[in-house]
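Architecture and fold: a report
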There are 2 protein chains.
Amino acid sequence: MEILSDRQKLILNLVIHEFTRTAQPVGSKTLVEKFHLDVSSATVRNELATLTEMGFLEQRHTSGGRVPTEKGFRYFVRVLMQTQELPESSRRMIEHQFYQMQQDQGVDDWMKLAASILATQSGAASLVSAPLPIRTELRHLALIKVSGKQVLIILVMAGGQFQQRFVTTEMRIDQNELTMLSNEINTRFANKTAQQIRQEALITSPASEGLEFFLNHVMNIMYESDNMKTGEVYTDGISNVLAEPEFAESEDARRALKILEEKPTLQSFLSRAIMDQKIGGIQILIGGEGMLTNLYNCSLVLARYGIPESVSGTIGVFGPMRMPYSRTIPTVRFMAGLLSDMVSDSIGNTTFRN
Amino acid sequence: MEILSDRQKLILNLVIHEFTRTAQPVGSKTLVEKFHLDVSSATVRNELATLTEMGFLEQRHTSGGRVPTEKGFRYFVRVLMQTQELPESSRRMIEHQFYQMQQDQGVDDWMKLAASILATQSGAASLVSAPLPIRTELRHLALIKVSGKQVLIILVMAGGQFQQRFVTTEMRIDQNELTMLSNEINTRFANKTAQQIRQEALITSPASEGLEFFLNHVMNIMYESDNMKTGEVYTDGISNVLAEPEFAESEDARRALKILEEKPTLQSFLSRAIMDQKIGGIQILIGGEGMLTNLYNCSLVLARYGIPESVSGTIGVFGPMRMPYSRTIPTVRFMAGLLSDMVSDSIGNTTFRN
DNA sequence: AGTTAGCACTCTAAGTCGAAGAGTGCTAAC
DNA sequence: GTTAGCACTCTTCGACTTAGAGTGCTAACT
């Protein structure tokens, strides 16, 4: 890693500051005038030249000002930026919005609200993925007859997620029978993972046909849940991003929007990106970092929330590369904290029970 | 209503046809040349002038060609357009995509798939709202203990929708008790509306504390469900719309996008717009028709799907006013039919049971 | 009376030109 | 190492021009 002189750091900082504000290339003269530097523009010019040579800045046109490169932004985020705490007033405002929701809401209502708050607070697009159990354990099974041969399976996992699935049985079956089956499965297999259930089922006496049928479905659902690292993704504030000058060309705008619209791609991308982050950890992807070429010119600030060893989801902000990181990062971190609390409050206490 | 001569109809038709294709104002000369009219451009010019005077066309610039007005498009859709059947090949393709989904999927998975198919088929943005029961009847209640005092209520309605809600009880309560309570409620109140439940509950002996607690929650959920005319709205293909030339200015694009992003507004708008349509009926909103001013320059083609007297939802396409209605309308109609079938197949047979 | 040819006119889109302004690199002096 | 100065480049913007498309009107034709 190159070592920058203090003055180079200062100048890089100022360039990024100014560019973040105006979205315009910034030149030596502007820099000196705006920030009352006690060196001349020529000196700044020299420094700009070396910073450009080192790859922190770039010159789009031979004689236009400098623009920070991806590398420049990464250096800024890693070294130069001081993340101040989120001001008390903002925190209050967010908490206020967050807690005025009725208590008795489903998980996905939190997500939507969180996405909405984060979008307005950051002035960019937000993404929130549902919290999923890190390893799936059965908490409760409900079998509900819907019509002749159709049964609705509702599976509540440790952590409070639930999955639902319609299945069609071979023959007619009535609700009493279903209740008995679900009772049996619940008493025998509650708080077990899919693997554990499979093992136990093998050991014990051959099961009844009905039991086996539903048990298979239960295990399938749990396996799927295990393999799907990221749940439903909610986005909000997409129109915020389109307001940024870098997306004035509708072609660029579409490119960015497409990323947010293709949920499956987005899901797998999120899970890959955040995989090796601890809960509470922040991951910053600048210019896509080679993972999605379409992310050129965009950045993601992602945080993982949830309960360690139990459930986790992702929350984050999508915006232009030129985003006010020092404000966005604490906001995302704070929202992640809130969501973690929310998860703990409502279901966390069960975690230490099994 | 003005009466147009055959030639005027022809010319209006051609103007709309051409404008739909090119998004450019169209003039007399082009018209004659492209369509080999056996009248001269001067004649066409005269007709264009009267059509403009009548308000079917408009001249953006004194000496540019004509552009159809909202009124023009409405006349076109109502009178001129012949909606051909959707070609067999398209129908096959759509069906193929639709039925390759696994059978055992939740309602919202259908919606998403339907939205995605409709978006690609129409090349515009699509919206699908979840099918909601026209009047809510209780089908099955499940009470699931999640932690100390927290209980997950899952309510399955006639029609197969379900609502879930976390509630916190006053005191600890165990799963056996919950199962008994839910059994009682199920046997006594299945297939009843919220009103019927209230009446019956009043008549019979004062209920136990627990029963009353949950029964109240059940009724609340059902009331809410009754009052919420439109369920979750899924959108897809927003980026398609941004590709249209009328949204090249990012400001226009944002305006349109915002409509699709604000789900609550969108929901109430949809329910208001489609309210007095029969199932299978198509509603076409051109230029917003004064309901949402932001819809200037955009159109909606909406259809209601579901089962008469039982469940209904909305599916539709959002695009520029200049959309190929004669292709979009049959597509939407066909998709609505498919969704109706889907709803009937999976839950419809229960409807005639109570 | 309806249709057409012809013509003068208008307006947009696209290209050219020049001046202003911002920024650069380099050199020579401090 | 820093600075002043200078020549140069490049973008932006307005003014101007031209080509092309389209219009409205009038007079002639069927």
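Residues numbered from 1 in each chain as written. Chains lettered and ligands numbered in written order. Predicted model: local features only at pLDDT ≥ 70, side-chain atom pairs only at ≥ 80, totals over all residues. Heavy atoms only, no water.

1. Looking at the protein's contact with DNA strand C
Using the following cut-off: One heavy atom suffices: a residue is near a molecule or strand as soon as one of its heavy atoms comes within 4 Å of it. Helix and strand definitions follow DSSP, with helices as H or I runs of at least four residues and strands as E runs of at least two, each counted in order from the N terminus. Charged residues are taken to be Asp, Glu, Lys and Arg, nonpolar residues to be Ala, Val, Leu, Ile, Met, Phe, Trp, Tyr, Cys and Pro, and polar residues to be all remaining types, Gly included.
The environment of DNA strand C is made up of 22 residues, and the closest members are Ser28, Thr30 and Arg66 of chain A together with Thr43 and Ser63 of chain B. The sugar and phosphate moieties of DNA strand C supply 77% of its atoms located within 4 Å of the protein. Elements represented by at least two residues in the surface near DNA strand C include exactly α2 (28-35) and α3 (41-54) of chain A together with α3 (41-54) of chain B. When residues in the surface near DNA strand C are grouped by element, the largest group, four residues, is from α3 of chain B. Of the residues in the surface near DNA strand C, the class split is three nonpolar, 13 polar and six charged.

2. Focus on the pairing of strand β10 (residues 298-307) of chain A
Consecutive side chains of a regular strand alternate in pointing toward one face of the sheet and then the other. Residues and elements named next belong to chain A. Note the cut-off: The buried label goes to any residue with under 20% of its type's maximum accessible area, the exposed label to any with over 50%, and the partly exposed label to all in between, with areas taken from a 1.4 Å probe on protein chains only. Strand pairing is assigned whenever DSSP identifies at least 2 bridges connecting the two strands.
With ten of ten residues buried, β10 lies mostly within the body of the structure. Because side chains alternate across β10, one face comprises the buried residues Cys298, Leu300, Leu302, Arg304 and Gly306, and the other comprises Ser299, Val301, Ala303, Tyr305 and Ile307, equally buried. Inspection of the sheet shows strand β9 (residues 282-286) paired to β10 by five bridges, in the antiparallel sense. Within β10, the residue paired with Ile286 across the bridge is Ser299. In the sheet, β10 pairs with strand β11 (residues 311-320) via ten bridges, with the strands oriented antiparallel.

3. Some points on the relation of the copies chain B and chain A
Threshold: Superposing the copies works by least squares over the C-alpha atoms of residues that have pLDDT at least 70 in both of them. Residues count as neighbours in contact if any of their non-hydrogen atoms are within 4.5 Å of one another.
Overlay of chain B on chain A (RMSD 0.1 Å): rotation 180°, translation along the axis 0.1 Å. Taken together, these values place the two copies in the relation of a two-fold axis. The rotation axis passes nearest to the C-alpha of Ser250 of chain B in chain B, at a distance of 3.1 Å. A shared binding surface is used by both copies, with 98% of the interface residues of chain B retained as interface residues in chain A.

4. Details of the interface of chain B and chain A
Keep this limit in mind: Buried surface area refers to the total accessible area, computed with a probe of radius 1.4 Å, that the two partners give up upon joining, counted for both partners together. Any carboxyl oxygen of Asp or Glu that lies within 4 Å of a side-chain nitrogen of Lys or Arg is treated as forming a salt bridge with it. Whenever two N or O atoms come within 3.5 Å, that pair is a polar contact, provided that in protein one can donate a hydrogen and the other can accept it, and provided that, for residues adjacent in sequence, both atoms are side-chain atoms.
Facing the 44 residues of chain B at the interface are 44 residues of chain A. Summed over both sides, the interface of chain B with chain A buries roughly 3,800 Å², with 60% coming from carbon and sulfur. Applying the counting criterion to the chain B and chain A interface returns two salt bridges. With a closest N to O distance of 2.6 Å, Glu232 of chain B and Lys112 of chain A form a salt bridge. Counting across the chain B and chain A interface gives ten residue pairs in polar contact (both at pLDDT 80 or more). Elements represented by at least two residues in the side of chain B that touches chain A include exactly α6 (107-122), β5 (138-147), β6 (150-157), β7 (162-168), α10 (238-242), α11 (250-261) and α13 (325-347) of chain B.

5. Side note on the sheet that holds strand β7 (residues 162-168) of chain A
Residues and elements named next belong to chain A. Where we set the bar: What counts as an axis is a line fitted to C-alpha atoms, over the stretch in contact for a helix, and the angles between N-to-C directions run from 0 to 180 degrees.
Spatially, three strands are ordered β5-β6-β7 in an open sheet, and the strand pairing comes out antiparallel. Two strands lie at the open edges of the sheet, namely β5 (138-145) and β7, each paired on one side alone. Put simply, the sheet's adjacent strands are angled 20° from each other on average, direction ignored. Sheet topology places strand β6 (residues 150-157) next to β7; seven bridges connect them, and they run antiparallel. Across the sheet, Leu155 pairs through a bridge with Gln163, a residue of β7.

6. Focus on the nonpolar core
Here is the rule we go by: Within this scheme, the nonpolar core is defined by two criteria: the residues are buried Ala, Val, Leu, Ile, Met, Phe, Trp, Tyr or Cys, and they are joined through side-chain atoms within 4.5 Å.
Formed by 77 residues in total, the largest nonpolar core has its most connected members in Leu12, Ile315 and Tyr325 of chain A. By residue number, the principal contributor to this core is helix α13 (residues 325-347) of chain A, which donates ten residues. Listed in part, the 59 residues of the second largest apolar core include Leu12, Leu48, Met101 and Trp110 of chain B.

7. Digging into the pairing of β6 of chain B
All names here are of chain B. Judged by how many residues are buried, β6 sits mostly within the fold: eight of eight residues are covered. One ladder, built from eight bridges, connects β5 with β6; its direction is antiparallel. Bridged to His140 within β6 is Val156. Adjacent in sequence and paired antiparallel, β5 and β6 are bridged by two residues.

8. Topic: the pattern of salt bridges
A full pass over the atoms with the stated rule returns 25 salt bridges over all chains. Here Glu88 of chain B and Arg91 of chain B are joined by a salt bridge, their closest N and O atoms 4.0 Å apart. With Glu88 of chain B and Arg91 of chain B both in helix α5 (residues 88-99) and three residues apart, this pair spans about one turn of that helix. Classification of Glu88 of chain B by relative accessible area gives partly exposed; the value is 45%. Residue Arg188 of chain B pairs with Glu184 of chain B through a salt bridge whose shortest N-O separation is 3.5 Å. Of the two residues, Arg188 of chain B and Glu184 of chain B are both situated in helix α7 (residues 175-189); the distance of four residues between them amounts to about one turn of the helix. The class for Arg188 of chain B is partly exposed, based on a relative accessible area of 28%. It is possible to trace a salt-bridge network through shared partners that takes in Glu85, Glu88, Arg91 and Arg92 of chain A.

9. Considering the sheet that holds β7 of chain B
All names here are of chain B. Here we have three strands laid out as an open sheet, ordered β5-β6-β7, and antiparallel in their pairing. Either end of the sheet is taken by a strand with one partner, and the two such strands are β5 and β7. Neighbour-to-neighbour, the strand axes of the sheet open up by a mean angle of 20°, direction not taken into account. On the sheet, α7 packs against β5 and β6 and is oriented at approximately 170° with respect to β5.

10. Digging into the protein's contact with DNA strand D
Around DNA strand D sit 22 residues, and of these Thr43 and Ser63 of chain A together with Ser28, Thr30 and Arg66 of chain B come closest. Each atom of DNA strand D within 4 Å of the protein belongs either to a base or to sugar and phosphate, the latter forming 76%. Between DNA strand D and Gly27 of chain B, the relevant distance is 3.4 Å, taken from a phosphate oxygen to a main-chain nitrogen or oxygen of the residue. Side-chain polar atom of Arg66 of chain B to a phosphate oxygen of DNA strand D: 2.6 Å apart, as the coordinates give it. Looking at the surface near DNA strand D, the elements that each hand over two or more residues are α3 of chain A together with α2 (28-35) and α3 of chain B. Here the surface near DNA strand D gets four residues from one element, more than from any other, and that element is α3 of chain A. Class assignment of the residues belonging to the surface near DNA strand D gives a composition of three nonpolar, 13 polar and six charged.

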